[in-house]
Amino acid sequence: MASEAQTERVDIIVSGGGMIGQTMALALAQANLTVAVVDRETAASMVLPGFDGRASAIAYAAVRLFEAIGLWPHVADWATPIDHIRVSDRDSMLYTHFDCRDLVDCRDLVDRSHELTGDAAPPLGMMLENRHIRLGLQKALSACAGVKHYAADHIVSRNRSDGGVTVTLGSGVTLQAPLLIAAEGRRSTTRDDAGIRVYDWQYDQIGIVTTARHEKPHGNVAHERFLPGGPF
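Let me sum up the structure you'll find in this document. This is a predicted model, so every value here is computed, not measured.

**Regarding the overall build of the chain**
When you go through the chain residue by residue, the secondary structure sums to 5 helices and 15 strands. When burial is assessed residue by residue, the chain has 34% of its 232 residues classed as buried. In the chain, of all internal contacts separated by at least 6 residues, the share reaching a separation of at least 24 is 65%. If you sum the accessible surface of the chain, you get close to 15,200 Å²; carbon and sulfur atoms cover 53% of it. Side chains of the chain give 22 positive and 28 negative charges; the mean places of these two sets differ by 3 Å.

Take a look at the structure:
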């Protein structure tokens, strides 16, 4: 049993230090809450080029969130705007076209701080490599005194009560908080421990992730093509 000296009391425990868990921790820290983030991976391993080669399409609402919690300055230089989205089916030459300039006609939905004039409009979203999001989160969190990261560690037991939750880590540290947030992904042990049921199934498909250098400028256009075997 952990000694009293090994017990840490915080406002929030976040189990899972991926992009979701770290974003949650950063947002909570902006509200002057103390947060303990527990993750099996180390911070250094999660930003290696081979850890996660994917890129994410960040909706404009999420960009606004990144701005509000102080993350955007750390990732803005790596972001590419999505000004157009073209959705097509199979081999058809026809497509549905989403244009960011259409937002100019929706001024009530657009932040006036962008000072829309003429055709100026915010993008439909941004493309960001996951690695750069993780790097930005680590930089932003390093400036948050109220966030403590328990890396290469995991929760081995949880004790819930009316007053909160007490968790014991594999390292022997005990954490206490009024709230435990599970950001553990699809194989969440905290969810299983709470008895929350899920329904899942197999698609019997695989995905291929690759990075390509364009021969010509892409014009900030995102393409979505739906094929019989799956989306491209």
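**Here we look at the nonpolar core**
Leu26, Trp72 and Val147 are the most contacted members of the largest nonpolar core, which has 28 residues in total. Contributing elements (two or more residues each) for this core: strand E2 (12–15), helix H1 (19–30), strand E3 (35–38), helix H2 (60–68), helix H3 (72–75), strand E8 (125–129) and helix H4 (130–142). In terms of residue count, H1 provides more of this core than any other element does, 5 residues in total. Setting aside residues up to four positions removed in sequence, Val147 forms contacts with Ala25, Ala29, Val35, Val37 and Leu141. Core analysis: the next-biggest nonpolar cluster, separate from the first, contains 13 residues, Ala36, Val38, Leu169 and Leu180 among them.

**Things to note about a nonpolar patch on the surface**
On the surface, Tyr199, Trp201 and Tyr203 cluster together to form a nonpolar patch covering roughly 500 Å² of accessible area. Structurally, Trp201 is set in the loop between helix H5 (189–193) and strand E14 (221–227).

**Here we look at the pattern of salt bridges**
Considering all chains together, one arrives at 7 salt bridges under this definition. The residue Lys148 makes a salt bridge to Glu8 at a minimum N-O spacing of 3.6 Å. Taken together, the positions of Lys148 in strand E9 (residues 147–150) and Glu8 in strand E1 (residues 7–9) put the pair 140 residues apart, joining distant regions of the chain. With a relative accessible area of 30%, Glu8 lands in the partly exposed category. A salt bridge links Arg134 to Asp52, with the shortest nitrogen-to-oxygen separation between them at 3.1 Å. On the criterion of sequence distance, the pair formed by Arg134 in helix H4 and Asp52 in the loop between E3 and strand E4 (55–59) is long-range, its members being 82 residues apart. When its relative accessible area of 8% is taken as the criterion, Asp52 is described as buried. Connected through salt bridges with shared partners, the residues Asp52, Arg54 and Arg134 form a single ionic network.

**Focus on the pairing of strand E11 (residues 164–169)**
With 6 bridges connecting them, strand E10 (residues 155–161) and E11 associate as antiparallel partners. When the sheet's bridge partners are listed, Ser161 is paired in E11 with Gly164. Once E10 ends, the chain turns through 2 residues before running back antiparallel as E11. Adjacent in sequence and paired antiparallel, E11 and strand E12 (residues 174–177) are bridged by 4 residues, among which Gly172 carries a positive phi angle near 100 degrees.

**Let's talk about the sheet that holds E10**
Sheets are built from strands paired through backbone hydrogen bonds, the pairs being either parallel or antiparallel. Spatially, the 4 strands line up as an open sheet ordered E1-E12-E11-E10, and their pairing is mixed. The two strands at the open ends of the sheet, each matched to only one other strand, are E1 and E10. Averaged over neighbouring strand pairs, the angle between their axes works out to 20 degrees when direction is ignored. Pairing of E11 with E12 involves 4 bridges; the strand directions are antiparallel. The residue bridging Thr168 from the neighbouring strand is Thr174, located in E12.

**A word on the sheet that holds strand E6 (residues 84–89)**
Spatially, E7-E6-E14-E15 is the arrangement adopted by the 4 strands of the open sheet, whose pairing is mixed. Strands at the two margins of the open sheet, each flanked by one partner only, are strand E7 (96–99) and strand E15 (230–231).

**Some words on the pairing of E12**
For E1 and E12, the ladder comprises 3 bridges, and the chain directions are parallel. Its bridge partner lying in E12, Arg9 is registered against Gln176.

Each value, and the rule that gives it
- Residues numbered from 1 in each chain as written.
- Predicted model: local features only at pLDDT ≥ 70, side-chain atom pairs only at ≥ 80, totals over all residues.
- Heavy atoms only, no water.
- Helix = DSSP H or I, 4+ residues; strand = E, 2+ residues; numbered from the N terminus.
- Buried < 20%, exposed > 50% of the residue type's maximum accessible area, 1.4 Å probe, protein only.
- Contact = heavy atoms within 4.5 Å.
- Areas by Shrake-Rupley, 256 points an atom, 1.4 Å probe, with all protein chains shown as cover.
- Lys, Arg positive; Asp, Glu negative; His and termini not counted.
- Charge placed at Lys NZ, Arg CZ, Asp CG, Glu CD.
- Core = buried A, V, L, I, M, F, W, Y, C linked by side-chain atoms within 4.5 Å.
- Patch = residues over 30% accessible without salt bridge, like charges linked within 9 Å, V, L, I, M, F, W, Y side chains within 5 Å.
- Salt bridge = Lys/Arg side-chain N within 4 Å of Asp/Glu carboxyl O.
- Pairing = 2+ DSSP bridges.
- Axes fitted to C-alpha atoms, helices over the stretch in contact; angles between N-to-C directions.

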